[in-house]
Amino acid sequence: MWDNGLKYGLVTRVLHWSIAALLAYQLGGVIAGTVLGETPLTEAWGSGHKATGLLLFVLAVVRAVWGLVNLRQRPASHRGLIGKAAVAGHLVLYGLLLFVPAVALVRQYGSGRPFEAFGLTIMQGGPDKIEWMTKLGSDFHGEMAWVLLVMIALHIVMTLVHQFVWKDGTLKRMAG
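Each chain has its residues counted from 1, running along the sequence as written. This being a predicted model, a pLDDT of at least 70 is required before a residue's local features are given, and a value of 80 or more before pairs of side-chain atoms are given or counted; all residues contribute to the totals for chains, interfaces and linings. Excluding hydrogens and water, the side-chain values take into account all heavy atoms of the structure.

Student: Sorry, what's going on with helix H5 (residues 131-166) here?
Tutor: Working note: α-helix, 3.6 residues per turn, so residues spaced by three or four point in the same direction. Its 36 residues place the ends of H5 50 Å apart at the C-alpha level, agreeing with the 52 Å of an ideal helix rising 1.5 Å per residue. Bend is computed residue by residue as the angle between axes fitted to the seven residues ending at the residue and the seven residues starting at it. By the criteria applied, helices consist of DSSP H or I runs no shorter than four residues and strands consist of E runs no shorter than two, each listed in order from the N terminus. Maximal helix bending in H5 amounts to about 25 degrees, located at Phe 140. Each residue is placed in one exposure class: buried if its accessible area under a 1.4 Å probe, protein chains only, is under 20% of its type's maximum, exposed if it is over 50%, and partly exposed if it falls in between. Within H5 the residues assigned to the buried category are Met 133, Thr 134, Gly 137, His 141, Ala 145, Leu 148, Met 151, Ile 152 and His 162. Looking at the buried positions of H5, the neighbouring elements they touch are helix H1 (10-36), helix H3 (49-69), helix H4 (80-110) and helix H6 (170-175). Where H5 terminates, the next one or two residues include Lys 167, which has phi positive at roughly 50 degrees. Each helix should span, by expectation, one fewer than its residue count multiplied by 1.5 Å. Should any heavy atoms of two residues lie within 4.5 Å, those residues are considered in contact.

Here's what the structure looks like:
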């Protein structure tokens, strides 16, 4: 269950791959909508965007807390500049995983409309439309999601470098 110096524990791995799968679904839908425009497929795909975003936000918070709890037990990273770059890259990923849905929730509240997901009212909207909140969400949610996509691509590239160039077993430690 717990991380140790040799591999990531079951909880870390389940959280990592669950977030990866949800992000693939979420960002895939956004990319499909951007490329194909409004079609029955993209509308159906996009209908779960808010609920998926909420689930991603909750899992990202749990993952961040779990990572802090396991910080001293995690497998060792590279030393020097490469290790510092890896830590910085992971912090940016965590930050974006938290920021992108959080700013969407701010926008939703500012819209004055309730936020509903999974058949439940998760949050009531503000009493009136709050312009700065809707502007904040509109200005940053989509743009930072694209930055998150770039960071995910870099994360995947570095995983492949670990696997095929450095051959250090990093992928095996996360894959289980």
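That shown, we press on.
Student: Any chance you could explain the side chain of Thr 12 here in plain terms?
Tutor: Among the secondary structure elements, Thr 12 is positioned in helix H1. Given the relative accessible area of 0%, Thr 12 is considered buried. Those residues within four positions of Thr 12 in sequence are excluded, and the remaining contacts are Asp 3, Arg 63, Trp 66, Arg 74 and Met 174.

Student: Help me understand the packing of H1 against H3 in this model?
Tutor: The relative placement of two packed helices is expressed as an angle between their axes plus a distance between the axes. Each axis is a line fitted through C-alpha atoms, taken for helices only over the stretch in contact, and angles between the N-to-C directions span 0 to 180 degrees. With their axes 10 Å apart at the nearest point, H1 and H3 run at an angle of 150 degrees to one another. Put simply, H1 runs roughly antiparallel to H3. Read as a crossing pair, H1 and H3 show a hand that is left-handed. Across from Val 11, Thr 12, Leu 15, His 16, Ser 18, Ile 19, Leu 22, Leu 23, Tyr 25, Gln 26 and Val 30 in H1, the residues of H3 making contact are His 49, Thr 52, Gly 53, Leu 55, Leu 56, Leu 59, Ala 60, Val 62, Arg 63 and Trp 66. In this classification, Asp, Glu, Lys and Arg are treated as charged, Ala, Val, Leu, Ile, Met, Phe, Trp, Tyr, Cys and Pro as nonpolar, and every other residue, Gly included, as polar. Considered class by class, the residues forming the contact of H1 with H3 number 13 nonpolar, seven polar and one charged. For this classification, under 35 degrees means roughly parallel, over 145 means roughly antiparallel, 65 to 115 means roughly perpendicular, and everything else is oblique. By convention the crossing between two helices is left-handed if the near helix lies anticlockwise of the far one by an angle smaller than a right angle, and right-handed if it lies clockwise.

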